[in-house]
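Coordinate analysis (summary)
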Amino acid sequence: MKTRITELFGIKYPIQCGGMLWIAKPELSAAISNTGAMGNLTSGNYNTADELREAIDQTRTLTHNPFIVNITTMPSIRLPLGLLQDFFRVCCEKRVTAIEIAGAPVDSFLGKEFIPLAKDAGVKVLHKVGTVRHAVHAEKVGYDAITIAGFEEGGFPHKDNVSTMVLVPKVRETVSIPVMAAGGMADGKSLAAALALGADGVMMATRFLATKESGIHPNIYKVLVEKTEADTSLQLQTLLAGFGLQVRALRNEIMRKVEQVENSGGDLGELLPLISGERARQVWKEGNAEEAMLTIGQSVGRINDIPTVAELVSRMVADARSALESSLKMFGG
Ligand SMILES: Cc1cc2nc3c(=O)[nH]c(=O)nc-3n(C[C@H](O)[C@H](O)[C@H](O)COP(=O)(O)O)c2cc1C
């Protein structure tokens, strides 16, 4: 396949894995990159610049293909600003193919010198955004590409609640840099639809979570297959109001408690123990899906099996092609 994204990143298929805390580590990242799609190494998994350096080296021992490093630019106690700046510098020093920024823009959050730093190192910088205006800003300050994520997405969708279906063509018509579609992407039909809407590729995370190489507990794989598109919950609108964000996660015991705390005007002190990343880290390994805030998108409703990433990517590409061919037949073509 050839799109502006395959050209920009030097990859075979315009399919990228999104950042996934505790999940997108060297093994999964390399397995995805080895298929010709773009793996994701999430910097938030690491506590120091040296740990990220080692993870990049480890990924490179597992694949010779490009992968992207996610840096989530949100205020965090565990990952202070100085460390996020160091992560960005490490990516430039290691000349990774691309950096995926999620959260505040690099220029205002990390500093104006960072995009030029990446350009000098030949590292592409992509911004995952949830609104048209943020896409416009990203293009203006020199990002190389945009991922536009509709509110179907797992993780931290924008509070405007606009769907992928509306955002993708709108952003494509508004900016001239390459655009990836995210939120609700799960298979070849999604890829075909995203291309038809004008996207240059797709980014997905929940679907890659449900692959053998993600290495999560078998109970969670079962949950991913059984849950439907109606089984996620949007919360933390009050806590994250200042960032224009909210969280989409599996509807479970913890999310019901989070909802109660938010509705009763509870504060951060009450919420933090419920939503801590440490809880999620344990649950992915130990398998009780009720015990943590598990960021999962509506695309969970379209997951029926746990393939290897190679099976997933090859099936996706073949199905996208047949979806587009059968659509063409409707025009007599
Ligand atoms: C398990 C999991 C962990 C995630 N962690 C992060 C993260 O650390 N940083 C980030 O920017 N996005 C994170 N996300 C959001 C994804 O990168 C992506 O934007 C979103 O999941 C795409 O929607 P989809 O799940 O429908 O494919 C996470 C998503 C999942 C499923």
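Residues numbered from 1 in each chain as written. Predicted model: local features only at pLDDT ≥ 70, side-chain atom pairs only at ≥ 80, totals over all residues. Heavy atoms only, no water.

1. Re the domain arrangement of the protein chain
If you check the domain split of the protein chain, you get domain 1 (4–214 + 305–329) and domain 2 (218–298). Here the C-alpha centre of domain 2 lies 22 Å away from the C-alpha centre of domain 1. When the two sides are added together, the surface that domain 1 and domain 2 hide from each other amounts to roughly 1,900 Å², 68% of it contributed by carbon and sulfur. Inspection of the region where domain 1 meets domain 2 yields 0 salt bridges. Taken together, the links from domain 1 to domain 2 amount to 14 residue pairs in polar contact (both at pLDDT 80 or more). (Domains from an automatic or database assignment. Buried area = accessible area lost by both parts, 1.4 Å probe. Salt bridge = Lys/Arg side-chain N within 4 Å of Asp/Glu carboxyl O. Polar contact = N/O pair within 3.5 Å; in protein donor to acceptor, adjacent residues only side chain to side chain.)

2. A look at unusual backbone geometry
At tryptophan 22, a residue that is not glycine, the phi angle is positive and equals roughly 75°. Structurally, tryptophan 22 can be placed in the loop between strand 1 (15–17) and helix 2 (26–34). Assessed through its relative accessible area of 11%, tryptophan 22 is described here as buried. (Helix = DSSP H or I, 4+ residues; strand = E, 2+ residues; numbered from the N terminus. Buried < 20%, exposed > 50% of the residue type's maximum accessible area, 1.4 Å probe, protein only.)

3. Focus: the site of the ligand
For the ligand, the set of nearby residues contains 21 residues, the closest of which are Gly19, Lys128, Glu153, Ala205 and Thr206. Between the ligand and the protein, one listed contact pairs an oxygen atom with a side-chain N or O atom of glutamate 153 at 2.6 Å. Residue glycine 154 places a main-chain N or O atom 3.2 Å away from an oxygen atom belonging to the ligand. In the complex, the protein chains occlude 95% of the 610 Å² of accessible area that the ligand would expose alone. Within the residue set of the shell around the ligand, elements represented by two or more residues are strand 3 (67–73) and strand 8 (201–204). Its residues placed into classes, the shell around the ligand shows 7 nonpolar, 12 polar and 2 charged. Counting residues domain by domain, the shell around the ligand receives three or more from each of domain 1 (4–214 + 305–329) and domain 2 (218–298). (Near = heavy atom within 4 Å. Areas by Shrake-Rupley, 256 points an atom, 1.4 Å probe, with all protein chains shown as cover. Nonpolar A, V, L, I, M, F, W, Y, C, P; charged D, E, K, R; others polar.)

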